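The lines below spell out each chain.
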Amino acid sequence: IGSSVGTTSTLYNINVSGNNLIVSGSMSPDVIIVSTDNGTSWTSLPAAASGQLSNIFPEGFDKIGNTMIIAGNYGQMNKSTDNGVTWTTVNYSKTLANMVDIYAQSGTGIVIAIGSDIGAYDQIMYSTNGGLNWAVSSYPPQQVLSHLEMINANTGYLSGRFGILARTTDGGVNWDTTISGNPALTAYF
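Predicted model only: the values in this text are computed from it and were never measured. (Residues numbered from 1 in each chain as written. Predicted model: local features only at pLDDT ≥ 70, side-chain atom pairs only at ≥ 80, totals over all residues. Heavy atoms only, no water.)

So what's going on with the overall build of the protein? Which residues, and what values?
If you tally the helices and strands in the protein, you get zero helices and 15 strands. Counting the 189 residues in the protein, one finds 43% classified as buried. Sequence separation of at least 24 residues holds for 37% of the intrachain contacts in the protein that already meet a minimum separation of 6. Total accessible area on the protein stands at roughly 9,200 Å², and carbon and sulfur atoms take up 52% of it. (Helix = DSSP H or I, 4+ residues; strand = E, 2+ residues; numbered from the N terminus. Buried < 20%, exposed > 50% of the residue type's maximum accessible area, 1.4 Å probe, protein only. Contact = heavy atoms within 4.5 Å. Areas by Shrake-Rupley, 256 points an atom, 1.4 Å probe, with all protein chains shown as cover.)

Please give an account of the side chain of aspartate 62 that cites residues and values.
Take aspartate 62: it is sitting in strand β5 (residues 60–64). Within the buried core, aspartate 62 has no salt-bridge partner, and the shortest N-O distance to an opposite charge, that of lysine 63, equals 9.3 Å. Polar contacts involving the side chain of aspartate 62 include one to the main-chain amide nitrogen of alanine 104, which spans 2.9 Å. (Lys, Arg positive; Asp, Glu negative; His and termini not counted. Salt bridge = Lys/Arg side-chain N within 4 Å of Asp/Glu carboxyl O. Polar contact = N/O pair within 3.5 Å; in protein donor to acceptor, adjacent residues only side chain to side chain.)

So what's going on with the environment of isoleucine 164? Residues and values would help.
Along the chain, isoleucine 164 turns up in strand β15 (residues 164–168). With 13 residues separating them in the primary sequence, isoleucine 164 and threonine 177 have C-alpha atoms 7.7 Å apart.

So what about the environment of glycine 18? Which residues, and what values?
Structurally, glycine 18 is set in the loop between β1 (11–17) and β2 (20–25). Taking the C-alpha atoms as reference points, glycine 18 and aspartate 37, separated by 19 residues in sequence, lie 9.1 Å from one another.

Outline the pattern of salt bridges, supporting the account with residue identities and numerical values.
A complete count under the given rule lists one salt bridge for this structure. Taking the shortest distance from any N to any O, the salt bridge between aspartate 176 and arginine 167 comes out at 3.6 Å. Given a relative accessible area of 25%, aspartate 176 falls into the partly exposed group.

Go over the environment of glutamate 149 with me, naming the residues and quoting the values.
Among the structural elements, glutamate 149 can be located in strand β13 (residues 145–150). Between the C-alpha atoms of glutamate 149 and serine 159, which are 10 residues apart in sequence, the distance is 8.8 Å. For glutamate 149, the residues in contact, after removing those within four places along its chain, are Gly156 and Tyr157. Reaching out from glutamate 149, the side chain makes a polar contact with the side chain of histidine 147 at a distance of 3.1 Å.

Would you mind going over the side chain of serine 127 in detail, with residue names and values included?
With respect to the helices, strands and loops of the structure, serine 127 is situated in strand β11 (residues 122–127). Among the polar contacts listed, one links the side chain of serine 127 to the side chain of asparagine 129, at a separation of 2.9 Å. Side-chain polar atoms of serine 127 contact the backbone oxygen of asparagine 133, separated by 2.8 Å. Other than its neighbours up to four places away in sequence, serine 127 contacts Gly109, Ile110, Val111, Leu132, Asn133 and Trp134.

Requested: an account of the pairing of strand β7 (residues 77–80), with residues and values cited.
Strand direction decides the pairing type here: strand β6 (residues 67–71) and β7, joined by four bridges, are antiparallel. Considered in β7, the bridge of isoleucine 70 is made with asparagine 78. Linking β6 back to β7 in an antiparallel pair, the connection comprises five residues, with tyrosine 74 at a positive phi of about 55 degrees. (Pairing = 2+ DSSP bridges.)

Give me the nonpolar core: which residues, what numbers.
Ile112, Ile124, Tyr139, Leu148, Leu158 and Trp175 are the most contacted members of the largest nonpolar core, which totals 16 residues. Among the secondary structure elements, those contributing two or more residues to this core are β9 (98–104), β10 (111–116), β11, β13 and β15. Counting residues per element, this core draws most heavily on β13, at three residues. Residue contacts for tryptophan 175: discarding those within four places in its chain leaves Ile112, Ile124, Ser137, Ser138, Tyr139, Leu148, Gly156, Tyr157, Leu158, Ala166, Arg167 and Thr168. Membership of the second largest hydrophobic core comes to 12 residues, among which are Ile69, Ala104, Met125 and Trp134. (Core = buried A, V, L, I, M, F, W, Y, C linked by side-chain atoms within 4.5 Å.)

In structure tokens:
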């Protein structure tokens, strides 16, 4: 990266497509940071929907074509279909979880978001209709999920504190945690 992104906030996700880079993180005001020249220069784009009052702190981020989706504090999720110029609310405070990662599958309507619930355990939410309706995954209580990576619409993995690893084979509805517990990983956040 050729220059500073202009923030000292914690950055969580980066999306790379050709020379375009998009970064999201715990930034206020609610913005994402964009570079169209491979990181030489950066600009910020607002990430709040019109009339949205509370801070989103967009930590979770995914992009397919011109469509972007962000997830942040208190389960707030916003969507843009014009490369981040305008945003609409996908979900407003469905959960108290601070959502840290989100995945959207092109053409299927599958959206999965993960986060840490305030004062409780992790939250995994999924939608099969592009975020219109949401359900909570069956996931055993763990602490502090941090990353979600899907291979396709059905199979994916998540990771978190103390060596937590889990796999889904049904689009995020159920999660198998038997791959967790590697003693080499349990000391790591």
